[in-house]
Amino acid sequence: MILVGQYDSPVTRRIAIALHHYGIPFTRDTRSVFGDAAAVGRISPLTRIPALVLDDGEVLIDSAAILDHLDEQAGDAALMPAAGPARRRALQMTALAQGTLEKVAAVVYERHFHPPEHRSTGWPDRCLGQARSGLDELTRRLVTPYACGPALTHADVMITTLIWYMQDRMDEVLSPAAHASLISLAAHCETLPAFLAAAVSESEKMPRT
Ligand SMILES: N[C@@H](CCC(=O)N[C@@H](CS)C(=O)NCC(=O)O)C(=O)O
């Protein structure tokens, strides 16, 4: 199978980490969703990443829907509890982290695509406030050693790729004091083999304006 997308996309990287964690072999298409938009659009109908091209040519889009398929392949090793409160909790923590990413990315895109004189003032502030609330709530709900308890879940993966993105690209609402537990969880996860195997190289970063 082929994973389409660059690893500076936290939702793409989280698919790569799951694939490595499950030991599922894959190759990569690292063309840029911005620089090579036409090529990516021929594979991924919304011209978004990640997309996963299965061996029979079927194309899966959207990280949650892709992980649903991979978790099925992984069976008992899946990074998502099968049912009950544990599953609900892991899904909610993952949703909080992914929702926070969406608000951070909205600010990054606003600044990247609009020159200062055309930028909205209210919208980025609203997004930054929502991102800060997301980080605060994740911090409140976090347990140890992993986000949802004793075992690694997709919530840890999403939190870690989110923290990487914020530290690399836009860390103004990430507080080293208030969000220390998230930062330290991410630092630990980055030392795990599946995360190291999906490290972000300089060539996979969206250009800065
Ligand atoms: N909900 C989607 C979000 C995908 C997404 O927003 N991907 C970004 C990269 S992180 C993208 O492709 N951006 C380009 C665009 O939307 O034009 C998922 O989880 O896969």
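Rules and cut-offs
- Residues numbered from 1 in each chain as written.
- Predicted model: local features only at pLDDT ≥ 70, side-chain atom pairs only at ≥ 80, totals over all residues.
- Heavy atoms only, no water.
- Helix = DSSP H or I, 4+ residues; strand = E, 2+ residues; numbered from the N terminus.
- Expected span 1.5 Å × (residues − 1).
- Buried < 20%, exposed > 50% of the residue type's maximum accessible area, 1.4 Å probe, protein only.
- Contact = heavy atoms within 4.5 Å.
- Phe/Tyr/Trp six-rings, centres within 6.5 Å; stacked < 30°, edge-to-face > 60°.
- Lys NZ or Arg CZ within 6 Å of the ring centre and 35° of its normal.
- Axes fitted to C-alpha atoms, helices over the stretch in contact; angles between N-to-C directions.
- Parallel < 35°, antiparallel > 145°, perpendicular 65-115°, else oblique.
- Left-handed = near helix turned anticlockwise from the far one by under 90°.
- Nonpolar A, V, L, I, M, F, W, Y, C, P; charged D, E, K, R; others polar.

## Description of helix α1 (residues 10-22)
Piece 1. With 13 residues, α1 ought to run about 18 Å at 1.5 Å a step, and its terminal C-alpha atoms sit 18 Å apart, in line with that.
Piece 2. Of all the 13 residues making up α1, 11 are buried; the element is thus mostly covered by neighbouring parts of the structure.
Piece 3. Considered for burial, the residues of α1 that qualify are P10, V11, T12, R13, R14, I15, A16, I17, A18, L19 and Y22.
Piece 4. Residues of α1 that are buried make contact with β1 (2-4), β3 (51-53), α3 (63-74), α4 (84-113), α6 (154-169) and α8 (193-197).

## A look at the packing of aromatic side chains
Piece 1. In the structure shown here, the tally under the stated rule is 3 aromatic pairs.
Piece 2. Taken together, a centroid distance of 5.4 Å and an interplanar angle of 50 degrees make the contact between F34 and F113 tilted. Residue F34 is located in the loop between β2 (27-29) and α2 (37-43), and its partner F113 is located in helix α4; the two are separated by 79 residues in the primary sequence.
Piece 3. The exposure class assigned to F34 is partly exposed, which follows from its relative accessible area of 37%.
Piece 4. Judged by relative accessible area, which is 43%, F113 ranks as partly exposed.
Piece 5. With a centroid separation of 6.0 Å and 80 degrees between ring planes, the pair formed by Y109 and F113 is classed as edge-to-face. A residue pair is termed a helical-turn pair when its members lie 3 or 4 positions apart in one helix, as Y109 and F113 do in helix α4 at 4 residues.
Piece 6. The exposure class assigned to Y109 is partly exposed, which follows from its relative accessible area of 38%.
Piece 7. What links up through ring pairs into an aromatic cluster is the set F34, Y109 and F113.
Piece 8. The cationic tip of R28 hangs over the ring face of Y7; the distance from NZ or CZ to the ring centre is 3.4 Å.

## Focus: unusual backbone geometry
Piece 1. Each neighbour pair has its own omega, and for I49 with P50 the value is 5 degrees, a cis peptide bond.
Piece 2. For P50, the location among the structural elements is in the loop between α2 and β3.
Piece 3. The residue after T144, namely P145, is reached through a cis peptide bond having omega 0 degrees.
Piece 4. By the secondary structure assignment, P145 is in the loop between α5 (122-141) and α6.
Piece 5. Here the phi dihedral of D62 falls at roughly 75 degrees; this positive angle occurs in a residue that is not glycine.
Piece 6. With respect to the helices and strands, the residue D62 is situated in the loop between β4 (59-61) and α3.

## Description of the packing of α4 against α6
Piece 1. Direction vectors running N to C along α4 and α6 enclose 20 degrees, while the axes themselves pass 8 Å from each other. Accordingly, the angle class assigned to the pair α4 and α6 is roughly parallel. As α4 runs across α6, the sense of the crossing is left-handed. Contacts between α4 and α6 involve A90, M93, T94, A97, Q98, T100, L101, V104, A105 and V108 from the former and H154, A155, M158, I159, L162, Y165, M166 and R169 from the latter.
Piece 2. Class assignment for the residues of the contact of α4 with α6 results in 13 nonpolar, 4 polar and 1 charged.

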